[in-house]
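# Summary of structural features
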Amino acid sequence: MIRLLVIGGSDAGISAALRAREKDPSAEVSVLLADEYPNYSICGLPFYLSGETPDHRQLAHRTAFEGIEILTNHRAVAVHPAAKTVDVTHRGVP
Ligand SMILES: Cc1cc2nc3c(=O)[nH]c(=O)nc-3n(C[C@H](O)[C@H](O)[C@H](O)COP(=O)(O)OP(=O)(O)OC[C@H]3O[C@@H](n4cnc5c(N)ncnc54)[C@H](O)[C@@H]3O)c2cc1C
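Description of the structure in this document. These figures come from a predicted structure and were not determined experimentally.

### Topic: the pattern of salt bridges
For the coordinates displayed, the defined rule picks out three salt bridges. For Glu 28, the salt bridge goes to Arg 3, with nearest N and O atoms at 3.3 Å. Pair noted here: Glu 28 is in strand 2 (residues 28–32) and Arg 3 is in strand 1 (residues 3–7), with a separation of 25 residues, a long-range link. For the salt bridge of Arg 57 with Asp 55, the shortest nitrogen-to-oxygen distance reads 3.1 Å. Judged by its relative accessible area of 61%, Arg 57 falls in the exposed class.

As structure tokens, this is what we get:
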């Protein structure tokens, strides 16, 4: 069984997570993101600021991530490749 931890939950991170599940539907995939907006369209921010898109939540490309664990407000602070572990803070709490 493949277990994958993706750091970053915007375009690149969510793409990687979805692709991993596509290749292996049994893969256990978790996504860490430091903020609380998974798959958020940063490119859309000008439309929000101009008022063209009044609700910032509409900027999310998608809000459902079937089979993928989404851990918002989790910041990776150290990666230990040999041990295959990551140190994480949650909203600033170690
Ligand atoms: C105003 C604006 C307009 C843009 N317009 C366009 C456009 O028209 N066309 C285009 O192609 N590109 C555009 N871009 C660029 C595009 O938004 C980026 O290329 C794209 O967002 C990069 O995606 P990413 O997933 O690599 O990183 P980001 O979108 O930067 O996402 C980073 C992710 O990593 C998480 N993260 C960061 N550090 C940590 C950590 N230590 N631990 C855990 N999680 C962490 C964040 O919470 C976030 O989820 C624009 C950007 C901006 C700001």
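Once you've had a look at it, read on.
### Brief notes about the site of the ligand
The ligand sits among 16 residues. The nearest are Gly 9, Ser 10, Ala 12, Asp 35 and Ala 76. Taking Ala 12, its main chain carries an N or O atom lying 2.8 Å from an oxygen atom of the ligand. Separating an oxygen atom of the ligand from a side-chain N or O atom of Asp 35 is a distance of 2.7 Å. Within the complex, 49% of the 990 Å² of free accessible area of the ligand lies under protein. At the level of secondary structure, the elements contributing two or more residues to the shell around the ligand comprise helix 1 (11–23) and strand 4 (74–80). Ranked by residues supplied to the shell around the ligand, first place goes to strand 4 with three residues. Residues belonging to the shell around the ligand are distributed by class as follows: nine nonpolar, four polar and three charged.

Calculation rules
- Residues numbered from 1 in each chain as written.
- Predicted model: local features only at pLDDT ≥ 70, side-chain atom pairs only at ≥ 80, totals over all residues.
- Heavy atoms only, no water.
- Salt bridge = Lys/Arg side-chain N within 4 Å of Asp/Glu carboxyl O.
- Helix = DSSP H or I, 4+ residues; strand = E, 2+ residues; numbered from the N terminus.
- Buried < 20%, exposed > 50% of the residue type's maximum accessible area, 1.4 Å probe, protein only.
- Near = heavy atom within 4 Å.
- Polar contact = N/O pair within 3.5 Å; in protein donor to acceptor, adjacent residues only side chain to side chain.
- Areas by Shrake-Rupley, 256 points an atom, 1.4 Å probe, with all protein chains shown as cover.
- Nonpolar A, V, L, I, M, F, W, Y, C, P; charged D, E, K, R; others polar.

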